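# Overview (structure and organization)
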Amino acid sequence: VLDDDKKRIISQALWDLNLTPEEFVGIIRGDSVRKWPDRGFCVARLLESINWFDVVKIFAPVEICRLWGEAKKHVRIKSIYKGFTAGSPAGLCNVKVYSDRITSRCLFRDAAREEY
């Protein structure tokens, strides 16, 4: 269930999509399947539109990491792509996940400093 604060956060990603915050979250969580926007696009939009510290108020980092394979083809911002891509020094998905209790520390600091 999304409270008003979480709905406000998700609404930042919906500026050109005809979806409610609940529908958007449902697509990402796999509760709803659509041809467009698909799950990968929604995850990419989430990452490109919303501050990471707000994202983790709604989704565990491990949830986002598990969906990276579907999302990466839609990501246009290079620092986000580098921050999640395996092999990056700060890559979130380069971290071995042993539990859902990964902290929400900034995992993109090294990738954001790199020139591209």
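Residues numbered from 1 in each chain as written. Predicted model: local features only at pLDDT ≥ 70, side-chain atom pairs only at ≥ 80, totals over all residues. Heavy atoms only, no water.

What follows covers the confidence of the model for the protein chain. Should the pLDDT be low somewhere, the predicted coordinates at that spot are not to be read in detail. Across the protein chain, the average pLDDT comes to 80, with 73% of residues at 70 or higher. Segment residues 95-116 is flagged for pLDDT under 50; beyond a separation of four residues in sequence, or across chains, it makes 36 contacts in the model. (pLDDT = per-residue confidence, 0-100. Contact = heavy atoms within 4.5 Å.)

Before going further, it helps to examine the packing of aromatic side chains. Scanning the model with the defined rule gives 2 aromatic pairs in all. Look at Trp-36 and Phe-41: their rings are 4.5 Å apart centre to centre, the planes differ by 50°, and that puts the pair in the tilted class. The exposure class of Trp-36 is exposed, given its relative accessible area of 51%. Relative accessible area serves as the criterion here: at 15%, Phe-41 is assigned to the buried category. Between Trp-68 and Tyr-81 the ring centres are 5.7 Å apart and the planes differ by 55°, which places this aromatic pair in the tilted class. One end of the pair, Trp-68, is in helix α6 (residues 68-71); the other, Tyr-81, is in helix α7 (residues 78-84), and 13 residues separate them in sequence. (Phe/Tyr/Trp six-rings, centres within 6.5 Å; stacked < 30°, edge-to-face > 60°. Buried < 20%, exposed > 50% of the residue type's maximum accessible area, 1.4 Å probe, protein only. Helix = DSSP H or I, 4+ residues; strand = E, 2+ residues; numbered from the N terminus.)

Their axes nearest at 9 Å, the elements helix α1 (residues 4-11) and helix α2 (residues 21-29) cross at an angle of 75°. The angle between α1 and α2 falls in the class roughly perpendicular. From α1, Lys-7, Ile-10 and Ser-11 reach across to α2, where they touch Pro-21, Glu-22, Phe-24 and Val-25. (Axes fitted to C-alpha atoms, helices over the stretch in contact; angles between N-to-C directions. Parallel < 35°, antiparallel > 145°, perpendicular 65-115°, else oblique.)

This part takes up unusual backbone geometry. For the bond running from Trp-36 to Pro-37, omega is -10°, close enough to zero to count as cis. Within the element layout of this structure, Pro-37 appears in the loop between α2 and α3 (39-49).

Turning to the nonpolar core, a few remarks are in order. Ranked by internal contacts, the top residues of the largest apolar core, which has 29 residues, are Ile-10, Phe-24, Ile-28, Leu-46, Leu-47, Phe-59 and Ile-64. Elements represented by at least two residues in this core include exactly α1, α2, α3, α4 (52-55), α6 and α7. With 6 residues, the single largest contributor to this core is α3. Discounting chain neighbours no more than four positions away, the residues touching Ile-28 are Arg-39, Cys-42, Val-43, Leu-46, Phe-59 and Leu-67. (Core = buried A, V, L, I, M, F, W, Y, C linked by side-chain atoms within 4.5 Å.)

With that settled, the discussion passes to the packing of α2 against α3. Direction vectors running N to C along α2 and α3 enclose 115°, while the axes themselves pass 8 Å from each other. α2 and α3 meet at a crossing whose hand is left-handed. Here Phe-24, Ile-27, Ile-28 and Arg-29 of α2 lie close against α3, whose contacting residues are Arg-39, Cys-42, Val-43, Arg-45 and Leu-46. Within the contact of α2 with α3, the residues separate by chemical class into 6 nonpolar, no polar and 3 charged. (Left-handed = near helix turned anticlockwise from the far one by under 90°. Nonpolar A, V, L, I, M, F, W, Y, C, P; charged D, E, K, R; others polar.)

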